[in-house]
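Architecture and fold: a report
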Amino acid sequence: MPGLADPMVGASRNTYGMPGLIDMPTAEGFSDGTLGVSITALGGGTLRNTLTFQIAPHVTGAFRYSRVPDLMPIPDGFGGISGYKELYDRSFDIRWQVLEEGRYTPALAVGLNDMVGTSVYSSEYIVATKGFGSALRVTAGVGWGRLGSFGSIGSTGTRPVYDYNSNGGEFNSGAWFRGDVAPFFGVSYKFNDRLTLKAEYSSDAYVQETRLSDWEHQSAVNVGLDYKLGAATNLQMFYLHGDKIGFQFSYAIDPKRPAYPTGLESAPLPVRPRPAQSADVDGWSGAWTADPTAQPAIQRAIAQALAKDGQILESMSLTATRAELRVRNETYNAAPQAVGRVARIATRALPSSVETITVTLMEKGMAVSSVTVTRSDLERLENGRSGDILSVAQITEAGKDPAQVVTEGLFPRFQWSLRPYLEASYFDPDSPLRADVGLSLKARYDLGSGFVLSGDLRQTLLGNLDQSDRVSTSTAPHVRSDSSEYQKNGDLALHRLTFAHYGRPAENLYSRLTVGYLERMYGGISGELLWKPVDNRLALGVEANWVTKRDYDQRFGFQDYDVATGHASAYYDFGGGYTGELDLGRYLAKDWGATISLAREFSNGWQVGAFATVTDMSSADFGEGSFDKGIRITAPIAWLSGKPSRASMSTVLRPLQRDGGARLDVDGRLYETVRSDHMGALYENWGRFWR
């Protein structure tokens, strides 16, 4: 019997992009961590674009942006309606697989569709799926809302009716599992590894579509073909309700599996075993310490070797038996990989008497954590498992070390890059996707340990972000809702220019002070303190900012709007890559409230998260969407290119960008700066120590 471990199980998506047959859901699931995109075009002009994420082995989430024709009323100016136009709808789904499929029992799942907003696709369901042999799978369930609109067998109360003209954005929990209940069922049959036939009895009467558009509901039976184009790509064709033909293209990736094979980075230098004591009497005795040129020569050799490996030796202390190397990792996304390479390089330059090697990870001039290993263990365990060296390594707080000697010629240090950039704008009803492509000139000048001057100058080359003619009608201060004005006037724009200082004022405490043009829309001063013990899952922080709104041309001028804003924050690492954040404070529009964020990060740097903000700004003042919310996706460059890199690409998908709950977008916040070098992340990525 196929189970959820079978790679073919759960690969099928319905027209909503979720695990399913055609329109109806199934109880199957995608592989844990799968991130997928589907584009579904149905007859009559309906378009559904869905992003799905397998949040956990039994939890699937989705964000959908849809075009539904002839659903939005057009006012005639006299209190009536002159007609109807298309509705661009944003919706969220969540589904929990209660039971996995067993030998004799089906998989069972409970789901909520369109649980926030105007409820165009609002529905709930309970569904079971069972496989018979390797090809046939049978699904049956009951639904409410849209999935209870045809063939009702009863009711569980009165279901509220939501207004498509409302602000939306609020949880419609008053409708969940209420109203008419209707059954649905279906089958799928896999002819071969590529082709699957699907058929279903649908409980969705398409009430909204048939009421105004040319859609007709002539049959409850839908049929479809699913063809697997490649390992991650599917193409489907449907015949729906005896009236319409639809198509779907879907693409899925597994963030845990890189697009390119691993091992494209250069091979690490091997551990150099020490010579016999009789062959190196001075090296083993420590007599070399009497030579004043010994440490500078050793430090220079290690610094040069690390530079070839893409790392910087910021400073070093050395005694006859112990060495501590403070290193800035500029190449490897997994800190243990950087530590392992530093330790091996050290064995090739340190005298034989040095037995203890400590590698201290540096971030923006701050000593974040220290990993200590003995040289004997490195020599003994080099060809063993990474877990063996972890069992004898010590991960500790990076303490102060007055004996540290700064590497010669390290400061001042100037770096620059000229690279293309892509900026996109989503969900504008006039043009759901706009984008600009241009060049970004970035520069960084390290004046000393923890003192950084940096900037980002951008020039747009082509795109259509400047073609938006939408004007903010927000009654709140326009702290974000006029972002299109910055996009229109962003030719040769000073995106950011800041001077920052990072420090360690006390044990377990980190600090940041940043002044300048902090982001595209605001300039001023930002300060932050973070308490984060290296071995603690909890972190606490406080941030205070005073900022002024910048001119639209993003040069050096300011507008007549300033605000003091800031937050107290709590961060928690739940383990397994799951982290949470709670921020309480004052936002840019001078509203007070809280933001809760949940994210899942994979060991290779992929991160998918969601956030929601509720403040004392009323939903009426906030406008469409009612409160700020969105999805954040980060893709590591190393995953895409196959080459080691700490760089990444991030995007935030917000249903709407409004003024309520808007926060300053300052670069280099402390928690994200130090978290990857602390114990939880080090343990999860330790498998790369010997890479």
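The coordinates are above.
Residues numbered from 1 in each chain as written. Predicted model: local features only at pLDDT ≥ 70, side-chain atom pairs only at ≥ 80, totals over all residues. Heavy atoms only, no water.

1. Description of the overall build of the protein chain
Rule in force here: Starting at the N terminus, helices and strands are each numbered in turn, a helix being any DSSP run of H or I of at least four residues and a strand any DSSP run of E of at least two. Computation of the radius of gyration draws on C-alpha atoms, with the globule rule given as 2.2 Å multiplied by the number of residues to the power 0.38. Throughout this description, buried means an accessible area under 20% of the type-specific maximum (1.4 Å probe, protein chains only), exposed means over 50%, and partly exposed covers the range between. Here, residues are in contact when the closest pair of their heavy atoms is within 4.5 Å. Accessible areas in this description were obtained via Shrake-Rupley with a 1.4 Å probe; residue shielding takes into account the shown protein chains only.
A tally of helices and strands in the protein chain yields 11 helices and 32 strands. Here the C-alpha atoms of the protein chain give a radius of gyration of 29 Å, agreeing with the 26 Å that 2.2 N^0.38 yields for 691 residues. Oriented by its inertia axes, the alpha-carbon framework of the protein chain measures out at about 95 × 65 × 40 Å. Every one of the 691 residues in the protein chain was classed for burial, and the buried ones make up 52%. Taking the contacts inside the protein chain whose residues are at least 6 apart along the sequence as the reference set, 59% of them involve residues at least 24 apart. Accessible area of the protein chain: about 29900 Å², with a carbon and sulfur share of 59%.

2. Regarding the pattern of salt bridges
Rules: Each reported salt bridge corresponds to a side-chain nitrogen of Lys or Arg within 4 Å of a carboxyl oxygen of Asp or Glu.
Per the stated rule, a full pass over the model turns up 41 salt bridges. Close ionic contact of D388 with R385 constitutes a salt bridge, the shortest N to O distance being 3.2 Å. On the accessibility criterion, R385 (61% relative accessible area) is exposed. Across the pair R654 and D628 runs a salt bridge whose closest N-O atoms are separated by 3.0 Å. Note that R654 is positioned in the loop between β32 (648–653) and α10 (670–674) and D628 in strand β31 (residues 628–636), a separation of 26 residues in sequence. Overall, R654 belongs to the partly exposed group, its relative accessible area being 24%. What you see here is one network of salt bridges that share partners, running through E314, R328, E330, R413, R444 and D446.

3. Here's the deal with unusual backbone geometry
Put simply, F411 and P412 share a cis peptide bond, and its omega is -5 degrees. Mapped onto the secondary structure, P412 falls in the loop between β19 (405–406) and β20 (413–428). Even without being glycine, F177 reaches a positive phi, approximately 55 degrees. Relative to the helices and strands, F177 is located in the loop between β8 (154–155) and β9 (180–190). We note that N508 has phi near 65 degrees; this positive angle belongs to a residue other than glycine. Within the element layout of this structure, N508 appears in the loop between β23 (493–506) and β24 (509–517).

4. Here we look at the sheet that holds strand β16 (residues 356–363)
Convention followed: Paired strands, in this sense, are two strands between which DSSP finds at least two bridges. Here, axes are lines fitted to C-alpha atoms. For helices the fit covers the stretch in contact, and angles between N-to-C directions go from 0 to 180 degrees.
The strand order across the open sheet built from six strands is β18-β17-β16-β15-β14-β19, with neighbouring strands paired in mixed fashion. With one partner strand each, in any of the chains shown, β18 (394–397) and β19 form the two edges of the open sheet. As paired elements, strand β14 (residues 311–318) and β19 share two bridges and run antiparallel to each other. Bridge assignment links M316 to a residue of β19, and that residue is V405. Across the sheet, helix α3 (residues 294–308) is in contact with β14, β15 (322–329) and β19; its angle to β14 comes to roughly 155 degrees. Helix α4 (residues 335–347) rests against β14, β15, β16 and β17 (366–374) of the sheet, and its axis sits at about 135 degrees to β16.

5. Some points on the packing of α3 against α4
The test is simple: For classification purposes, an angle smaller than 35 degrees is called roughly parallel, one larger than 145 roughly antiparallel, one from 65 to 115 roughly perpendicular, and anything else oblique. By definition, turning the near helix anticlockwise from the far helix through less than a right angle yields a left-handed crossing, and turning it clockwise yields a right-handed one.
Packing of α3 against α4 brings their axes to within 10 Å, and their N-to-C directions diverge by 140 degrees. Our classification of the angle between α3 and α4 gives oblique. Viewed along their axes, α3 and α4 form a crossing whose handedness is right-handed. Residues I302, A305 and L306 of α3 lie in contact with α4, whose contacting residues are V342, I345 and A346.

6. Some remarks on the pairing of strand β29 (residues 592–601)
Sheet topology note: the strand β28 (residues 578–586)/β29 ladder contains nine bridges and is antiparallel. In the strand pairing of β29, T579 is matched with A599. The turn joining β28 and β29, which pair antiparallel and follow one another in sequence, is formed by five residues; a positive phi near 70 degrees is taken by K590. The pairing of β29 with strand β30 (residues 607–615) spans nine bridges and is antiparallel. Bridge pairing in β30 places R600 opposite V608.

7. A few points about the pairing of strand β25 (residues 522–531)
When you tally the buried positions in β25, you get seven out of 10 residues, the bulk of the element. Bridge count for β24 against β25 is eight bridges, and the pairing is antiparallel. If you follow V515 over to β25, its bridge partner there is I525. Linking β24 to β25, which pair antiparallel, is a turn of four residues. Pairing analysis gives 10 bridges linking β25 to strand β26 (residues 538–550), with the strands arranged antiparallel. In the strand pairing of β26, I525 is matched with W546. Between β25 and β26, which pair antiparallel one after the other, the connecting turn spans six residues.

8. With respect to α3
The test is simple: Take the number of residues in a helix, subtract one, and multiply by 1.5 Å to get its expected span. The directions from the helix axis to the C-beta atoms are what the arc is built from.
Compared with the 21 Å implied by 1.5 Å per residue over 15 residues, the 22 Å span of α3 between its first and last C-alpha is a close match. Among the residues of α3, those classed as buried are A294, Q295, I298, Q299, I302, A303 and L306. Mapping the buried residues of α3 onto a view down its axis gives an arc of 150 degrees, with all of them on the same face. Summarising the geometry of α3, the exposed residues directed more than 90 degrees from the buried face are A307 and K308. Directly beyond the C-terminal end of α3, a positive phi value near 85 degrees is found at G310.

9. Re the nonpolar core
For the record, the criterion: What we call a nonpolar core is a set of buried Ala, Val, Leu, Ile, Met, Phe, Trp, Tyr and Cys residues that are connected through their side-chain atoms within 4.5 Å.
Grouped together as the largest cluster of nonpolar side chains are 37 residues, with contacts concentrated most on I302, L325, L350 and L378. Taken together, the elements giving at least two residues each to this core come down to α3, β14, β15, α4, β16, β17, α5 (375–381) and α11 (679–684). Of all the elements, α4 adds the most residues to this core, at six residues. Not counting residues within four places of it along the chain, the set of residues in contact with I302 comprises L313, M316, L325, I345, A346, A349 and L350. In this structure, L51, M115, F427 and L653 belong to the second largest nonpolar core, which totals 20 residues.

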